[in-house]
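# Chain and residue survey
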Amino acid sequence: MGCDRRIYRRVIQYSQDGLILLNTEIIKIDEHNIDDKAKEAIGRAGRIIRDGGLVAFPTETVYGLGGDALNPESSRKIYAAKGRPSDNPLIVHVAEVKDVESIVKEVPDEAYRLFDAFWPGPLTIIMNKNEKVPYETTGGLDTVAIRMPSNLIARELIRQSGGYIAAPSANTSGRPSPTLARYCVEDLSGKIEMILDGGQVGIGLESTIVDLTSGEPMILRPGYITREMLSSVLGAVAVDRTIIDSSSPAKPKAPGMKYRHYAPRGVLTIVQGPSEDVVRYINAKSVEASNEGKRVGVIATDLTKERYKAEVVKSVGSREDESMIAHELFKVLREFDDENIDVMFSESFDDSGIGQAIMNRLLKAAGHNVVAL
Ligand code: TXA
Ligand code: MG
């Protein structure tokens, strides 16, 4: 069966933040079996978006919270539902390259090369917007971030919605991005009309963002498409240094990167150093915290997992398989929240390839709280 429907019922009333609580309909769809029933459900979701409503949906990176990107009122609703500052611009999702051409001043040659190499997929490209894109969607900027997701539910939804979906990650602002529909339910039920549940996402970290509007292409947010991969198509590619250097006084060029982000509810510390020392240090600190009555969690890897003594130990996979680590990281952070963990320790990861994105998210989740042994 390609589709299954549930309604999350709440009485219509005002919540604390002044939003009207809605009945949020949750529909399960199998990305690889989009049958007529599933198509009908996606069609309804598309109508909700065209009518100015909001729908959370799966992409290959993380779940998105979608509204009509060309409708200023929809963008306002997205900010309200997420509790997100409105100077933090949204990504516009498209299903066809021709749709990019009609919302930007000009598509640079580099962009066409990137479309060929990486679209549809986890790459967001910043270009100069034209008058069709409201400033409410771009947080007041003259540039617009655009991405074509590869997830088939997302692509069908974009087509059914009129071609342009503005979608930030479907989490409450500041929390880890959702890699499962259940986390969208946790953060957004009662605040949006519908959630399309397409199961666990494939990648697990948000898209790479590359800016093509100011000279040399520059990565503003690292992701699954690495600097090396971009360079193979574009030549020299710069990296916004605020991404890796927490001591940099410069403001990040992607406004969203300045906010505390991806944060679990407990306090997270990243421990760097030789593996033996890391295990010893974390075990000693875990005992201390447990003695103080705190619940302790450790983010480990397959090789070290058995060696930790903390109450909850979760492996994000093998160090050789960076994609798996990316896939598991946000999920593990959310699970620690579900299990009411107060204090967390994480091993550190290599900073090359996808490792750059993993460390960028982990450092943000830890508020740059790092112990180097
Ligand atoms: O994988 C993804 O990109 C997911 C899925 C849903 O597509 N979306 C996502 O959106 O991560 P969001 O809103 O959580 O993050 C968008 C980031 C923010 O850091 C924002 O500041 C930046 O993109 N951004 C958007 N438009 C921009 C622009 N015109 N210039 C610079 N940064 C921009
Ligand atoms: Mg986000």
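The notes below deal with the structure included here. Since the model is a prediction, treat every value here as computed from it, not as a measurement.

### Notes on the packing of aromatic side chains
- Tallying each qualifying case throughout the model produces two aromatic pairs.
- Aromatic pair Tyr 112 and Phe 115: ring centres 5.6 Å apart, planes at 75°, arrangement edge-to-face. In this pair, Tyr 112 and Phe 115 both sit in helix H4 (residues 109-118), three residues apart, roughly one turn of the helix.
- With a relative accessible area of 32%, Tyr 112 lands in the partly exposed category.
- Seen from their ring centres, Phe 115 and Trp 119 are 4.3 Å apart, and the 20° between their planes marks the pair as stacked.
- For Phe 115, a relative accessible area of 5% translates into the label buried.
- By relative accessible area, Trp 119 is classed as buried at 9%.
- Joined through ring pairs, the aromatic side chains of Tyr 112, Phe 115 and Trp 119 make up one cluster.
- Its end group placed over the ring of Tyr 135, Lys 129 keeps NZ or CZ at 4.1 Å from the ring centre.

### Here we look at the site of ligand 1
- Around ligand 1 sit 29 residues in total, of which Thr 61, Arg 84, His 93, Ser 207 and Gly 256 are the nearest.
- In this structure, Ser 207 approaches ligand 1 through a side-chain N or O atom, which is 2.6 Å from an oxygen atom.
- Contact between ligand 1 and Pro 255: an oxygen atom at 3.3 Å from a main-chain N or O atom of the residue.
- Relative to its free-state accessible area of 680 Å², ligand 1 is covered by the protein chains to the extent of 98%.

### A short note on helix H10 (residues 322-338)
- Taking 1.5 Å as the rise per residue, H10 with 17 residues should run 24 Å; its terminal C-alpha atoms sit 25 Å apart, in good agreement.
- Taking the largest bend as the criterion, H10 deviates by roughly 35°, centred on Glu 328.
- For H10, the buried fraction is high: 13 of the 17 residues fall into the buried class.
- Looking one or two residues past H10, Asn 340 carries a phi angle of roughly 55°, positive in sign.

Rules used in this analysis
As a convention, each chain's residues are numbered from 1 in the sequence order in which they are written. For naming, the first written chain is A and the first written ligand is 1, with later ones following in the order written. Per-residue local features of the predicted model are confined to residues with pLDDT of at least 70, and side-chain atom pairs are confined, for both listing and counting, to 80 or more; whole-chain, interface and lining totals are unaffected and use all residues. Side-chain figures throughout are based on the complete set of non-hydrogen atoms in the structure, without hydrogens or water. Here a pair means two rings of Phe, Tyr or Trp (six-membered ring of Trp) with centres within 6.5 Å. Their orientation is stacked below 30 degrees between planes, edge-to-face above 60, and tilted elsewhere. The helix and strand labels rest on DSSP assignments: H or I over at least four residues marks a helix, E over at least two residues marks a strand, and numbering proceeds from the N terminus. The buried label applies to any residue whose accessible area, calculated with a 1.4 Å probe on protein chains only, is under 20% of its type's maximum; exposed applies above 50%, and partly exposed to all values in between. In this analysis the charged atom, NZ for Lys or CZ for Arg, is taken to sit over a ring once it is within 6 Å of the ring centre and within 35 degrees of the ring normal. When at least one non-hydrogen atom of a residue lies within 4 Å of a molecule or strand, that residue is treated as near it. Any pair of nitrogen or oxygen atoms within 3.5 Å is treated as a polar contact; in protein, a donor-acceptor pairing is required on top of that, and neighbouring residues in sequence qualify only through side-chain atoms on both sides. Residue burial considers only the protein chains on display, and all accessible areas are found by Shrake-Rupley using a 1.4 Å probe. What a helix should span is 1.5 Å times the count of its residues minus one. What the bend at a residue measures is the angle between two axes, fitted to the seven residues ending there and to the seven starting there.

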